[in-house]
Amino acid sequence: MANGQWFPSDWPERIRALTDGTLTPVTPKRAATVMLLKDVDQGAGGPAVHMLRRRASMAFAGGAYAYPGGGVDPRDDERLVRWAGPTRAWWAQRLGVDEAAAQAIVCAAVRETYEEAGVLLAGPTPDSVVGDTTGADWEADRAAVAARDLSFAEFLDRRGLVLRSDLLGAWTRWITPEFEPRRYDTWFFVAALPEGQRTRNASTEADRTVWIRPEDAAAGYDKGELTMMPPTIATLRQLMPYATAAEALTAAPGRDLTPVLAEARLTDAEIVLSWPGHDEFTKHIPIPAAGGGPA
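We now turn to the structure provided with this report. Starting afresh in each chain, residues are numbered from 1 along the sequence in its written order. Local features are withheld for residues below a pLDDT of 70 in this predicted model, meaning they are given only at 70 or higher, and side-chain atom pairs are given and counted only at 80 or more; totals for whole chains, interfaces and linings count all residues. Side-chain descriptors were evaluated using all non-hydrogen atoms of the structure, hydrogens and water having been removed beforehand.

For the rest of this paragraph, the subject is the overall build of the protein. A run of DSSP states H or I qualifies as a helix once it reaches four residues; a run of E qualifies as a strand once it reaches two. Both are numbered from the N-terminal end. Helix and strand content of the protein: eight helices and 15 strands. The principal-axis extents of the C-alpha atoms in the protein amount to approximately 65 × 45 × 35 Å. A buried classification covers 51% of the 295 residues belonging to the protein. Surface accessibility of the protein: about 13100 Å² in total, with carbon and sulfur atoms responsible for 49%. Lys and Arg are tallied as positive, Asp and Glu as negative. Neither His nor the chain termini are counted. Just so you know, the charge point we use is NZ for Lys, CZ for Arg, CG for Asp and CD for Glu. Side chains of the protein carry 31 positive and 40 negative charges; the gap between the two charge centres is 3 Å. The buried label applies to any residue whose accessible area, calculated with a 1.4 Å probe on protein chains only, is under 20% of its type's maximum; exposed applies above 50%, and partly exposed to all values in between. Working definition of accessibility: Shrake-Rupley area with a 1.4 Å probe, residue cover restricted to the visible protein chains.

Take the nonpolar core next. Grouped together as the largest cluster of nonpolar side chains are 40 residues, with contacts concentrated most on L95, L120, F152, F155, L168 and F189. The set of elements that each furnish at least two residues to this core consists of β1 (29-38), α2 (88-95), α3 (99-117), α4 (136-146), α5 (152-159), β8 (168-175) and β9 (184-192). Any two residues having at least one pair of non-hydrogen atoms within 4.5 Å are treated as being in contact. Excluding residues that lie within four positions of it along the chain, L120 makes contacts with V110, Y114, V130, T133, W138, F152, F155, L161, P194 and Q197. Of all hydrophobic cores here, the second largest spans 37 residues; its members include A17, Y65, I233 and L236. As used here, the term nonpolar core means buried Ala, Val, Leu, Ile, Met, Phe, Trp, Tyr and Cys residues forming a set that is joined through side-chain atoms within 4.5 Å.

This part covers the packing of aromatic side chains. Stacked, tilted and edge-to-face pairs are distinguished by plane angle, under 30 degrees for stacked and over 60 for edge-to-face with tilted covering the rest, among Phe, Tyr and Trp rings (Trp via its six-membered ring) whose centres lie within 6.5 Å. Across all of its chains, the model carries nine aromatic pairs by this definition. When the ring of Y67 is compared with that of F188, the centres are 6.4 Å apart and the planes differ by 90°; the resulting orientation is edge-to-face. Highlighted residues: Y67 in the loop between β3 (64-66) and β4 (69-71) and F188 in strand β9, separated in sequence by 121 residues. Residue classification places Y67 among the buried residues on the basis of a relative accessible area of 6%. Here W275 and F281 contribute two aromatic rings whose centre-to-centre distance is 6.1 Å and whose plane-to-plane angle is 80°, an arrangement assigned as edge-to-face. Owing to a relative accessible area of 0%, F281 belongs among the buried residues under this scheme. The rings of Y114, W138, F152 and F155 are connected pair by pair, giving a single aromatic cluster. Geometry around W138 places R159 over its ring, the cationic atom sitting 3.8 Å from the centre. In this structure, R255 is placed above the aromatic ring of W171, and the distance from its NZ or CZ to the ring centre is 4.3 Å. Distance and angle both matter: a charge sits over a ring if NZ of Lys or CZ of Arg is within 6 Å of the ring centre and within 35 degrees of the ring normal.

Take the side chain of S128 next. Inspection of the secondary structure puts S128 in the loop between β6 (122-123) and α4. S128 gets classed as buried once you look at its relative accessible area, which sits at 18%. Among the polar contacts made by the side chain of S128, one reaches the side chain of T125 at a distance of 2.7 Å. With sequence-adjacent residues up to four places away left out, S128 is seen in contact with A122, G123 and R164. Polar contact is the term for a pair of N or O atoms within 3.5 Å; when the atoms are in protein, one must be able to donate a hydrogen and the other to accept it, and sequence-neighboring residues count only if both atoms are side-chain atoms.

Coordinates in, geometry out; function isn't part of it.
Okay, structure coming up:
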């Protein structure tokens, strides 16, 4: 493998089924993921990003590096939460959804960062964030949210916390290819590590976490040392020009959120898989001959 690009082994078969009309695409579920940044040695390589490595035992993308993230909880659009920053209407326009869905997507971004990294982008007032969240009472609530015993909206209400949507910036949007059995419509956000908080590996799906500069992570990918899926390495490369976390957050509102969706086409000898605007991920998959050998 020339780089750390990861693809599921069943893609060729599923792509063929999609192109010949025998596979019906699954409707993607909404999801959010967060590129959490912190400044280290300012002026010497830019901010670091928090990444986790999926356990090798995971059936999907085992061993791959990713960011904290997960699916939207429908319960988080059922009640209004205390809210700071741009309005729900602003977020709805930015994300291309209605206001209830916008709240649920932003809640998912903040919730997953708390669930998997122990970092909470919320505070008792519209201009504050909580401090240390490592106490036993906090951990009990975090575990309840992670287990879906408690919705994030309920958690915020119980704690009297204001969600700090102003600490997030919507960065890009990727939709899982149509031939995948599990599909997600994922919004990627950027955020800066709040002062006084620290990350930890709180995810049951990860065996390690790291703070790493985007250029170092991209170099590891290029050498085949770090495994990543296309959206992860693409966003890392997009972060590389920024010298500070604040610069990345300032740039976020101007970024294009047109969804990136892979395209597959058949030729006589191969399947060509590509992501519009991301030529580095184009993959040519040979089509086996009828007898099972090479075409």
